[in-house]
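Here are the chains, one letter per residue:
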There are 2 protein chains.
Amino acid sequence: MSDKVLLDYGSGGRASQRLISDLFLKYLGNDELNRLNDAAELSMSGRISMSTDSYTVDPIFFPGGNIGSLAVHGTVNDVAMMGAIPRYLTCGYIIEEGLPMDDLEKIVAAMGEAVKKAGVLIVSGDTKVVPKGTVDKIFINTTGVGDIIVDPAPNGASAKPGDAVLLSGSVGDHGLTILGTREGLDFEAKVESDSASLNHLLVKLVQELPEVHVLRDPTRGGLATTLNEITYSSKVCCELIENDLPIKPEVKGGCSILGLDPLYLANEGKFLCILPEEYAEKALEIMKADPLGKDACRIGTITDTNPGKVVLITQLGGKRLLGMLEGEQLPRIC
Amino acid sequence: MSDKVLLDYGSGGRASQRLISDLFLKYLGNDELNRLNDAAELSMSGRISMSTDSYTVDPIFFPGGNIGSLAVHGTVNDVAMMGAIPRYLTCGYIIEEGLPMDDLEKIVAAMGEAVKKAGVLIVSGDTKVVPKGTVDKIFINTTGVGDIIVDPAPNGASAKPGDAVLLSGSVGDHGLTILGTREGLDFEAKVESDSASLNHLLVKLVQELPEVHVLRDPTRGGLATTLNEITYSSKVCCELIENDLPIKPEVKGGCSILGLDPLYLANEGKFLCILPEEYAEKALEIMKADPLGKDACRIGTITDTNPGKVVLITQLGGKRLLGMLEGEQLPRIC
């Protein structure tokens, strides 16, 4: 193969087949994908969670991952947030003519490692190569399906007054890392994307707890925007204690230099868990026992005081309304 | 809303929500999508067909459709080729900052019409807006799932010597239309893309016939490449009768001017049906009764003479090997 991706690798003809068997099947192959049918034949149970995301992150390589691993983590997490065991993914690559083949191989290899770790299979794929200048390097879509194992499924509209609001770890890491890498900023302390598949921990939570109302990952728009979506859908208020919000000192520092608010920065390996007060302690115990939840903590409570609003109780005891993200802090964050 | 798509429409924040409710839900809304969860909750039977495709067609509007309708037809067809009833689609939009809002609305509206006609629902979506120059106008990924209703499912590896090879209509229309529109060519006779959802006709076929070995749509790479994939997977030979290949005179004419071979041009509303000789007549009857199959005909026979090869019996009685597509005739054809 050439050391750059050529247009005819996306033609659907012989060159495409070579790219697929020499690269994609090498890292992602399994019985179903290897059949190379236009569609996969899957066997699944009755209630299915399905989610899609296109990844356009810039830069495509960053501390803590690359666009290939991110494309697995993001979709695996969205599928799992429904109380589901993610099972199968599809992937659609859109590649710019001339992308170094080494870069593509690193990306596909990272995707292969990520699916192995998450315990999912890529069962169907599509590769397009478009002329130079019509896409910036590479965009990847992944779509996932999984078996929902709880009834009712956790849902953004199910938060109830009195519920505890838990967060699986610190916020802002992914967003700041992407911006820092893109702009070539050298922060004093190292920051790294938190990008990871959370499904194993999430499945443990819904299996071991009698009731979980909401699971949601605060990606684009960050923690503040995600909580606003939940309070809007559930017609409840969320009161957050500013002192309890886990933000790493290096992320706080980087954000204050750049004028960014970490509560609006994307995360790719964190989740919110909203559930009845009585199960909060047990949930934190389960989360902390997992490396991906070791910094889990309670950040607030659902109330009925200001339906649809997110209220921050500040360090000075005042109250501040946290709105949704307005404008765009950072395009191509994921 | 602005008359152009702005970066913050893809932020995940308030502007994104406005775009989603004012545009996407207006044309694509249904009970599941309206929930706006990160994943959809679906109810499906045990054997599922799943397929993905990213659409990068240039130009985005062309005679016979646009990128929005094409993105539905292509994926609905791939799902249905497994002998499945397509049920649910996801869609991921990647939009270039500055795309006229009118264009986006036309595309989403066409997608809405196409899903209605195909009888499927869009249940989950994702919208990214990327800075000007990082994508050419708009790319769309759709991923679909459907219930497989026959056992075994039709499959590229199931063609058997003696099988009849049927084609649902003329080839080359889509490819020539895209190239003609892109280059501003004015053919004497009007050509138009054949882009259409074939699922209703396909379901009728697998329900009414006792046995169908292969269903496959000859998209990228065209009829010749698709048949090569099938003969390779099934370890059989396909003998085609050149005189029986349905190619419209205007497509033949346009291709000969441009030096293109219609057998290698993409189609978006045609399919190959390979099945036991004894059911060929009944299959043609069913196909011809549907407007999308009215020009259906038999084009050849599966044999065991040259496994893995596609042989064209020419008008002069000679034999010519039809290989897979080499190189790239037309990037961004779908």
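This is a predicted model, so every value here is computed, not measured.

Looking now at the overall build of chain A. Assigned secondary structure in chain A consists of nine helices and 14 strands. The C-alpha radius of gyration computed for chain A amounts to 21 Å, which stays within 12% of the reference 20 Å derived for 334 residues, consistent with globular compactness. Seen through its C-alpha atoms, chain A measures out along the principal axes to roughly 65 × 50 × 30 Å. The buried share of chain A, taken over its 334 residues, is 64%. Within chain A, contacts between residues separated by at least 24 positions form 86% of all contacts whose residues are at least 6 apart in sequence. Summed over its atoms, the accessible surface of chain A is roughly 12,100 Å², and 50% of this surface lies on carbon and sulfur atoms. Computed over 31 positive and 46 negative side-chain charges, the inter-centroid distance for chain A is 1 Å.

So, about the pattern of salt bridges. Residues and elements named next belong to chain A. Counted according to the given criterion, the structure contains 38 salt bridges over all chains. As a salt-bridge pair, lysine 128 and aspartate 126 come within 3.0 Å of each other at their nearest N and O atoms. Each member of the pair lysine 128 and aspartate 126 is classed as buried.

On the surface, Leu185, Ile257 and Leu258 of chain A cluster together into a nonpolar patch covering about 270 Å² of accessible area. Mapped onto the elements of the fold, leucine 258 of chain A is located in helix 8 (residues 249–258).

On to the domain arrangement of chain A, then. Residues and elements named next belong to chain A. Once the domains are mapped, chain A shows domain 1 (7–148) and domain 2 (164–321). With centres defined by C-alpha atoms, the gap from domain 1 to domain 2 works out at 27 Å. Summing both sides of the interface, domain 1 and domain 2 together bury roughly 1,800 Å²; the carbon and sulfur share of this comes to 59%. Of all residues in domain 1, the largest losses of buried area upon contact with domain 2 belong to Pro63, Asn77 and Met81, amounting jointly to 32% of the total for that side. The interface formed by domain 1 and domain 2 includes one salt bridge. For arginine 182, the salt bridge identified is with aspartate 58, shortest N-O distance 3.6 Å.

Cut-off values and rules
Residues numbered from 1 in each chain as written. Chains lettered and ligands numbered in written order. Predicted model: local features only at pLDDT ≥ 70, side-chain atom pairs only at ≥ 80, totals over all residues. Heavy atoms only, no water. Helix = DSSP H or I, 4+ residues; strand = E, 2+ residues; numbered from the N terminus. Rg over C-alpha atoms; globule rule 2.2 N^0.38 Å. Buried < 20%, exposed > 50% of the residue type's maximum accessible area, 1.4 Å probe, protein only. Contact = heavy atoms within 4.5 Å. Areas by Shrake-Rupley, 256 points an atom, 1.4 Å probe, with all protein chains shown as cover. Lys, Arg positive; Asp, Glu negative; His and termini not counted. Charge placed at Lys NZ, Arg CZ, Asp CG, Glu CD. Salt bridge = Lys/Arg side-chain N within 4 Å of Asp/Glu carboxyl O. Patch = residues over 30% accessible without salt bridge, like charges linked within 9 Å, V, L, I, M, F, W, Y side chains within 5 Å. Domains from an automatic or database assignment. Buried area = accessible area lost by both parts, 1.4 Å probe.

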